[in-house]
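Reading the structure
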Amino acid sequence: MLLTLTFTIQSCEEKEKESKKEVEKEIVVKPEKPEYFLLRPEVEKAYGYSHAVKIGNDIKISGAVSMDDEGNPTAIGDFEQQMKNCYADLEKILKHYSCTFDDVVKEDVFTTDMPKFLEVAGYRTEIYKKQFPTGSWLGVKELALPEFMIEIELEVHKSE
């Protein structure tokens, strides 16, 4: 009986080792190379940033502000239009990666005028049609240029 028990234990241990080997063979790690995107290459190179970077299924998008292609502020003094301009730029970046606002998982808003943002925040229902992402709304003293009143950055997860 002791011989049978020893054989059974050894047999189970061998099967367990074989099972572990099979699992180890199935694990494949693919190195993921970041893919960078510049919306306004000259402006972004001058200020030293990339507007977006994609790694695997995740995309991080730098804060969008209301500016023209030369980096000059637009819609000066018009908070709502600045916000719409931010979302227009963000949409261009999302489209570059074949994404929509439905793929956004985090949205952070930085504003120098929180009461005004809260007044026009309802516009976001036109942007986020299925659900709202997580995120933060932060009142700040100033943004990169004094004319900027709002800056919006995103994190995106693109499902396969």
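The structure under discussion appears in the preceding block.
Residues numbered from 1 in each chain as written. Predicted model: local features only at pLDDT ≥ 70, side-chain atom pairs only at ≥ 80, totals over all residues. Heavy atoms only, no water.

Turning next to the nonpolar core. Within the largest apolar cluster, 29 residues are counted, with the highest numbers of intra-cluster contacts made by Ile61, Tyr87, Phe101, Ile152 and Leu154. Put simply, the parts of the chain that give this core at least two residues each are strand E3 (58-64), helix H3 (79-96), strand E4 (104-111), helix H4 (114-120) and strand E6 (150-157). Counting residues per element, this core draws most heavily on H3, at seven residues. Within the second largest apolar cluster, six residues are counted, among which are Val43, Met67, Phe110 and Phe148. (Core = buried A, V, L, I, M, F, W, Y, C linked by side-chain atoms within 4.5 Å. Buried < 20%, exposed > 50% of the residue type's maximum accessible area, 1.4 Å probe, protein only. Helix = DSSP H or I, 4+ residues; strand = E, 2+ residues; numbered from the N terminus.)

Let's shift gears to the environment of aspartate 89. The topology assignment puts aspartate 89 in helix H3. Judged by its relative accessible area of 5%, aspartate 89 is buried. Between the alpha carbons of aspartate 89 and serine 66 there is a distance of 8.4 Å; along the sequence they are 23 residues apart. If near-sequence neighbours (up to four positions away) are discounted, aspartate 89 is found in contact with Leu39, Arg40, Ala64, Val65 and Met67. Among the polar contacts listed, one links the side chain of aspartate 89 to the side chain of arginine 40, at a separation of 2.8 Å. (Contact = heavy atoms within 4.5 Å. Polar contact = N/O pair within 3.5 Å; in protein donor to acceptor, adjacent residues only side chain to side chain.)

Keep in mind these numbers describe shape, not what the thing actually does.
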